[in-house]
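Structure at a glance
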Amino acid sequence: MPIDAADPLKLIALDADDLAILSAHLQDAVLKVADITYLPGEKRFALAARRFDWAGAQAGQRRRRLAALHFERVTAARSTGIDTAAPGTVLNLLAITFDERDGPTGDVTLHFSDGAAIRLDVECIEAQMKDLGPVWEAVATPDHPNGA
C-alpha cells in the first residue's frame, strides 16, 4: 500500500533494514542540540527534529514536519563535534547507521553535517519515529550535489 504524503508517519525499527528506512525518512532533518536528550536510567535516547517530508516531495509538496525519534535499550551515548554547552546550535541529520558488534548488540550512529556524530551503544535495535503533527512549507528542497 503506498504511503499518502499527507499522512503522518509512525515507523518502528527492530533491525538494520528497518533502521535504514527510518534513516531515509529522517535524512536532512534539522534540530537543535537542546532537542536531544539521553536518559541513562531509562536506557532511552530521544530527539525532536524538523524532518524534510521526502514522500511529500515526490508528490510535488515541499514541506517539513515535526517528528520525534527515540531509541530504547541504550547503554551509553557519546558525541563528537557537538557542543552540548551551546543548546541553540542547529544540527543537520544526514543518516543513521548500525554496526553490529556481538549480535544483537552494536552501535547506532547518527551522522550530522560537518562531521558531527552521536554514537549509541545499544543492546539491540529498538527505535521509533513518529510525526507529531505540525506541517509547514519548506523554503527549499535539500540538495546533495557532491553525492553526500
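Now for a description of the structure that goes with this document.

**Details of unusual backbone geometry**
Cis geometry is adopted by the peptide bond preceding Pro 104, which originates at Gly 103 and carries an omega value of 5°. One non-glycine residue, Arg 73, lies in positive phi territory at about 60°. Here Arg 73 shows up in the loop between strand 5 (63-72) and strand 6 (74-80). Looking at Arg 73, the relative accessible area reads 39%, which means it is partly exposed. The phi torsion at Asp 114 lies on the positive side, around 65°, for a residue other than glycine. By the element assignment, Asp 114 lies in the loop between strand 8 (106-112) and strand 9 (117-122). For Asp 114, a relative accessible area of 82% puts it in the exposed group.

**Comments concerning the pattern of salt bridges**
Under the definition given, this model contains 13 salt bridges. Asp 107 is paired through a salt bridge with Arg 101; the nearest N and O atoms lie 2.4 Å apart. Since its relative accessible area comes to 47%, Arg 101 is described here as partly exposed. The salt bridge partner of Arg 101 is Asp 121, with a shortest N-O separation of 3.9 Å. Taken as a pair, Arg 101 in the loop between strand 7 (90-100) and strand 8 and Asp 121 in strand 9 lie far apart in primary sequence, 20 residues in all.

**Re the nonpolar core**
Counting residues in hydrophobic clusters, the biggest one holds 30 residues, and the most contacted among them are Leu 69, Phe 71, Ile 96, Val 108, Leu 110, Phe 112 and Leu 120. Counting residues per element, this core draws most heavily on strand 7, which supplies 4 residues. Val 108 has contacts with Leu 19, Phe 71, Ile 96, Thr 97, Phe 98, Ile 118, Arg 119, Leu 120 and Val 122, leaving out every residue within four places of it along the chain.

**Observations concerning the pairing of strand 7**
Inspection of the sheet shows strand 2 (residues 29-32) paired to strand 7 by 4 bridges, in the antiparallel sense. Looking at the pairing, Leu 31 lines up with Leu 91 of strand 7. Of the pairings in the sheet, the one linking strand 7 to strand 8 comprises 7 bridges and is antiparallel in character. Opposite Leu 93, over in strand 8, you have Phe 112 as the bridge partner. If you look at the hairpin formed by strand 7 and strand 8, you'll find 5 residues sitting between the two strands.

About the thresholds
Residues numbered from 1 in each chain as written. Predicted model: local features only at pLDDT ≥ 70, side-chain atom pairs only at ≥ 80, totals over all residues. Heavy atoms only, no water. Helix = DSSP H or I, 4+ residues; strand = E, 2+ residues; numbered from the N terminus. Buried < 20%, exposed > 50% of the residue type's maximum accessible area, 1.4 Å probe, protein only. Salt bridge = Lys/Arg side-chain N within 4 Å of Asp/Glu carboxyl O. Core = buried A, V, L, I, M, F, W, Y, C linked by side-chain atoms within 4.5 Å. Contact = heavy atoms within 4.5 Å. Pairing = 2+ DSSP bridges.

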